[in-house]
Amino acid sequence: MKPESILAAADAVLLAAPPRGWLDCGLAADLIIRRAGGVPPLGDVARVYETPLQIFRRIRAFGGWRAHFAATVEGNGYRRKAPQTGAVGFVRNDDGRFGHVVTVCAMPGLWIAPVQAGYTVLQKVDESWSQ
């Protein structure tokens, strides 16, 4: 993957109407990486929930948001590594309803984070996983 493919995928995914009528940050990251030609970080998990309530229950069953995200991406071959193009990460977001947001690395220092209508760019995240 190249930074350009990540950015083009982010535009296609995050500037379009949500595929389910809603789009959470984990599914957004999965769709961006998929569209850019990478290994989807959520794998089959992206297909096992259809509503926000279903993913909340899954997160709770894993013992919390961070534990769920780490187990899911590590189960799909991602490992905690330094940021690189195509990595996924998360950052604390006290303004959001979940406390964290999943991000995609277009290149080190340029992380794409979904917002209500589109995305914003961050320079760093709290943790990252790469293939």
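See the structure above.
The paragraphs below set out a description of the structure included in this document. (Residues numbered from 1 in each chain as written. Predicted model: local features only at pLDDT ≥ 70, side-chain atom pairs only at ≥ 80, totals over all residues. Heavy atoms only, no water.)

1. Notes on the overall build of the protein
The line we're drawing: Under the scheme used here, helices are H or I runs from DSSP no shorter than 4 residues and strands are E runs no shorter than 2 residues, and both carry numbers assigned from the N terminus. For the radius of gyration, the atoms used are the C-alpha atoms, and the globule rule reads 2.2 Å times the number of residues raised to 0.38.
For the protein, the helix and strand inventory stands at 4 helices and 6 strands. Written out in order from the N terminus, the α and β elements of the protein read α-α-α-α-β-β-β-β-β-β. In summary, the protein has a C-alpha radius of gyration of 13 Å against a globular reference of 14 Å for 131 residues, a match within 12%. Considering only C-alpha atoms, the protein reaches an extent of 35 × 30 × 30 Å along its principal axes.

2. Remarks on helix H4 (residues 65-75)
What counts, and what does not: Partly exposed residues are those whose accessible area sits between 20% and 50% of the maximum for their type, while under 20% is buried and over 50% is exposed, using a 1.4 Å probe and protein chains only. We call two residues in contact when some of their heavy atoms are within 4.5 Å.
Considered for burial, the residues of H4 that qualify are Trp65, His68, Phe69, Ala70, Thr72 and Val73. Turning to H4, the residues buried within the fold contact helix H2 (25-35), helix H3 (52-61), strand S2 (88-93), strand S3 (99-107) and strand S6 (127-130). Remark: glycine 77 follows H4 within two positions and exhibits a positive phi of approximately 90°.

3. What to know about the pairing of strand S5 (residues 118-122)
To keep it simple, the criterion reads: Strands are treated as partners if at least two bridges between them are detected by DSSP.
With 5 bridges connecting them, strand S4 (residues 110-115) and S5 associate as antiparallel partners. Bridge pairing in S5 links valine 115 to glycine 118. In sequence, S4 turns back onto S5 through a hairpin of 2 residues.

4. Structural notes on the sheet that holds S4
One open sheet accounts for 6 strands, arranged S1-S6-S2-S3-S4-S5; its pairing is antiparallel. The open sheet has two free edges, formed respectively by strand S1 (79-80) and S5, since each of these has just one partner strand. Examined bridge by bridge, S2 and S6 share 3 bridges and lie antiparallel to one another. Bridged to glycine 89 within S6 is serine 128.

5. Here's the deal with the environment of arginine 92
Take arginine 92: it is sitting in strand S2. In this structure the C-alpha to C-alpha distance between arginine 92 and glycine 26, which are 66 residues apart in sequence, comes to 14 Å. Apart from the residues lying within four places of it in its own chain, the contact partners of arginine 92 are Gly99, His100 and Asp126.

6. Notes on the pattern of salt bridges
Under the convention used in this document: Any Lys or Arg side-chain nitrogen located within 4 Å of an Asp or Glu carboxyl oxygen qualifies as a salt bridge.
On inspection of all chains with the given rule, the structure shows 4 salt bridges. Between arginine 47 and aspartate 44 there is a salt bridge whose closest N-O contact spans 2.5 Å. Each member of the pair arginine 47 and aspartate 44 is classed as exposed. For glutamate 127, the salt bridge is made with arginine 80, and the minimal N-O distance between the two is 2.0 Å. Of this pair, glutamate 127 sits in strand S6 while arginine 80 sits in strand S1, and the two are 47 residues apart along the sequence. Among the charged side chains, a network of salt bridges with common partners joins Arg66, Arg80 and Glu127.

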